[in-house]
Amino acid sequence: MNAGDGRIVVTLLGTGTPNPSPQRFGPATLVQAGGLDLLFDAGRGCTIRLAQCGLPLGRIAAVFLTHFHSDHVNGLADVWMSSYVPPAWGGRRAPMRLFGPPGTARMAHHLREAFADDIRIRMADERVPEEATRIEASDFPATGGVVLEEAGVRVTAFEVDHGRHIRPAVGFRIDHAGRSVLLSGDTKPHPNLRAHGAGVDLLVHEVCALPPALRGNPVSMAIADHHTSPEEAGEIFAATRPALAAFTHIVQIAAPGVPRVPLAEIEDQTRRTYGGPLVMGEDLMRFTVTAEGVATERLS
């Protein structure tokens, strides 16, 4: 699907965490609008999820990064290298466009150095054009701003708070044809989420649930302190009033003898502060945003 009719189509490719999971791949979200296929973060397995969506990797118009934690970028090399191979599931013939906070261009430069032998082999053996192996990387300011405006689609980055040492970190808002989507990125509650999320059609937000038995545990508390609790997310949803709120990057902290908080309980905790439309995101869950509202489906 390549939305070019005023819709915004959002597919959750990965809703998980650094924990390897066959059910929840690494953080990645596909946004399709104005005929553009845009990838936000590139976590583990995102190329497989894109294949399940039926989208050739060479069709990705641009990749956007929220921050540099490994679970958000460890699929980037796969997206880039697999997209320039000749078969129909690859086939890119131009540089891959990559947008991210300061440090993105440096990472792209060293990726190309690290995989120089693959580039050399593919060019000689499969006649891959050198241009297709390039990464056209752009650093945007850590404070954000409009980072892409093309085909009637505007992508705006904004600063978030993922912890004192995890800077820069951003979220994104996507606007097209009067419709809007906000992707929180990894963050604690931050005023920018309310400012940029006010009245959006779809607000996709991270969440972290800490079992009561682990409150006071320094390791568990350190993880939770980098994220948004269900109650805090509910407060953000209540303040922004999206047509639909959805959870992704669902962090369920556990420890030996202490089970993780079930999804149903995460929803119940969110409902303490928010009474509007809410879904618990899953890999390959798709949202279609139109003037009529937000429709939800699950791809097989």
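Please read all numbers here as calculations on a predicted model, not as lab measurements. (Residues numbered from 1 in each chain as written. Predicted model: local features only at pLDDT ≥ 70, side-chain atom pairs only at ≥ 80, totals over all residues. Heavy atoms only, no water.)

**Some words on the sheet that holds strand S1 (residues 8-14)**
The line we're drawing: Pairing between strands is defined by DSSP: at least two bridges between the two strands are required. Working definition: helices are DSSP H or I runs of at least four residues, strands are E runs of at least two. Numbering for both runs from the N terminus. Between the N-to-C directions of two axes lies an angle of 0 to 180 degrees, each axis being a line fitted to C-alpha atoms and, for a helix, fitted only over the stretch in contact. Contacts between residues were defined by any pair of non-hydrogen atoms, one from each residue, lying within 4.5 Å.
The mixed open sheet is built from eight strands, whose spatial order is S6-S5-S4-S3-S2-S1-S14-S15. Looking at the sheet topology across the chains shown, the edges are occupied by strand S6 (135-139) and strand S15 (293-298). Averaged over all adjacent pairs, the angle separating strand axes in this sheet is 20 degrees, with direction ignored. Alignment of strand S14 (residues 285-290) against S15, held across six bridges, turns out to be antiparallel. Across the sheet, residue Thr288 finds its bridge partner in S15, namely Ala295. Where helix H4 (residues 104-114) meets the sheet, its contacts fall on strand S5 (96-100) and S6, and the angle it forms with S6 comes to roughly 160 degrees.

**Examining the environment of Val63**
Let me state the cut-off plainly: Relative accessibility thresholds used throughout: buried, under 20% of the residue-type maximum; exposed, over 50%; partly exposed, between the two (1.4 Å probe, protein chains only).
For Val63, the location among the structural elements is in strand S4 (residues 60-64). The buried category is assigned to Val63, whose relative accessible area is 0%. Placed 22 residues apart in sequence, Val63 and Asp41 show a C-alpha to C-alpha distance of 7.0 Å. Sequence-distant contacts of Val63, defined by excluding residues within four places in its chain, comprise Leu39, Leu76, Met96, Arg97, Leu98 and Phe99.

**Details of the UniProt feature "domain: Metallo-beta-lactamase" (unreviewed entry) in the chain**
Rules: UniProt positions are given in the numbering used here, feature names are shortened, and annotations may be inferred rather than shown by experiment.
Using the residue numbers shown here, the UniProt feature "domain: Metallo-beta-lactamase" (unreviewed entry) corresponds to residues 25-241. Taken as a whole, residues 25-241 contains 30% helix and 28% strand, while its terminal C-alpha atoms sit 28 Å from one another.

**As for the sheet that holds strand S12 (residues 244-252)**
In spatial order, the strands read S7-S8-S9-S10-S11-S12-S13; together these seven strands make up an open sheet with mixed pairing. With partners counted over all chains shown, the strands left at the sheet margins are strand S7 (144-150) and strand S13 (278-280), one partner each. Direction aside, neighbouring strands of the sheet carry axes that sit 20 degrees apart on average. Inspection of the sheet shows S12 paired to S13 by three bridges, in the parallel sense. Note on S13: the bridge partner recorded for Phe247 is Met280. The strands that helix H8 (residues 230-240) touches are strand S11 (202-209), S12 and S13; relative to S11, the one it contacts most, it runs at about 160 degrees. Most of the contacts of helix H9 (residues 263-270) go to S12, to which it runs at about 125 degrees, and overall it touches S11, S12 and S13.

**Details of helix H3 (residues 76-83)**
The buried fraction of H3 is high, at seven of eight residues. Every buried residue of H3 is accounted for by Leu76, Ala77, Val79, Trp80, Met81, Ser82 and Ser83.

**Concerning H8**
The condition that has to hold: Along the arc lie the directions from the helix axis toward the C-beta atoms.
Listing the buried residues of H8 in full gives Pro230, Ala233, Gly234, Ile236, Phe237 and Thr240. Looking straight down H8, one finds that the buried residues subtend no more than 160 degrees of arc, so they occupy a single side. Arg241 sits one or two positions beyond H8 and adopts a positive phi of about 55 degrees.

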